Every structure is written in structure tokens, then in C-alpha cells.
Amino acid sequence: MQMGEIMAQMESLYKKEQTPGAADLLQESKKILKDNYMFEETILPTLPCSNDGLFAMNQHYSASVESLNIMLKQMEIVVNDNDIK
């Protein structure tokens, strides 16, 4: 899943159930997106056009996507717990 798709799901969940925990998770996820953007704007252009550069880019993107997936799963838990109460 792409970062934009994950954020769209999170925003949809937040709009459905505007719980405080979901709001915090959404804010933290936006920080991850901002950090990813800063990486693309400042560090990515300085990386060498080599396997090492591609590896660094892939590692960063994979870590960002994984972090967003964790946030999405946590948001699903928060929203579902709120539905139960």
C-alpha cells in the first residue's frame, strides 16, 4: 500500500470516529509524511546514483510505509475500542 492510500484510510477512520487517540495518531502520521518529504527534498538529491543510493532510498521509504501501517493498525484498534464502549 502507498503512503497516500494509508493516509486516506486514516483520515476516513478519523472522520468516522473523532476520538482523541485517533486524532493523535493522525497528527503523528502527518509528521512521518513531513519527514519523508524533507528526505526527498534535502537528502535524496545528494545520494549517489548507485546501488547504495537506491538501497538508502528504499530503506527510508520502506520504513516510512511500515511506520504508517503501524499507525493505521493502532487507529483501527482505537476506533474499534471506542465503538465497543
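Residues numbered from 1 in each chain as written. Predicted model: local features only at pLDDT ≥ 70, side-chain atom pairs only at ≥ 80, totals over all residues. Heavy atoms only, no water.

*Asks:* Teacher, can you tell me more about the nonpolar core here?
*Replies:* Across soluble globular proteins, nonpolar side chains show a tendency to be buried alongside one another. Of all hydrophobic cores here, the largest spans 15 residues; its most connected members are Ile6, Met10, Leu68 and Met75. Breaking this core down by element, the ones donating at least two residues are α1 (3–16), α2 (20–43) and α3 (51–84). A total of 6 residues in this core trace back to one element, the largest contributor, which is α3. (Core = buried A, V, L, I, M, F, W, Y, C linked by side-chain atoms within 4.5 Å. Buried < 20%, exposed > 50% of the residue type's maximum accessible area, 1.4 Å probe, protein only. Helix = DSSP H or I, 4+ residues; strand = E, 2+ residues; numbered from the N terminus.)

*Asks:* I keep staring at α1 and nothing clicks. Help me out?
*Replies:* Every α-helix carries 3.6 residues per turn, so stepping three or four residues along brings you back to the same face. With 14 residues, α1 extends 20 Å from end C-alpha to end C-alpha; this agrees with the ideal 20 Å at 1.5 Å per step. Three or more residues of α1 are buried, namely Met3, Ile6, Met7, Met10 and Leu13. One face of α1 carries all of its buried residues, which in axial projection span an arc of 125°. Along α1, the residues that are exposed and aim more than 90 degrees away from the buried face are Gly4, Lys15 and Lys16. (Expected span 1.5 Å × (residues − 1). Arc of directions from axis to C-beta.)

*Asks:* Even after reading the chapter, I still don't get the environment of methionine 7, so can you show me in this structure?
*Replies:* You can see methionine 7 is positioned in helix α1. Its relative accessible area of 4% is what places methionine 7 among the buried residues. Linking methionine 7 and tyrosine 61, residues 54 residues apart in sequence, is a C-alpha distance of 15 Å. Setting aside residues up to four positions removed in sequence, methionine 7 forms contacts with Leu26, Ser29, Lys30, Leu33 and Leu68. (Contact = heavy atoms within 4.5 Å.)

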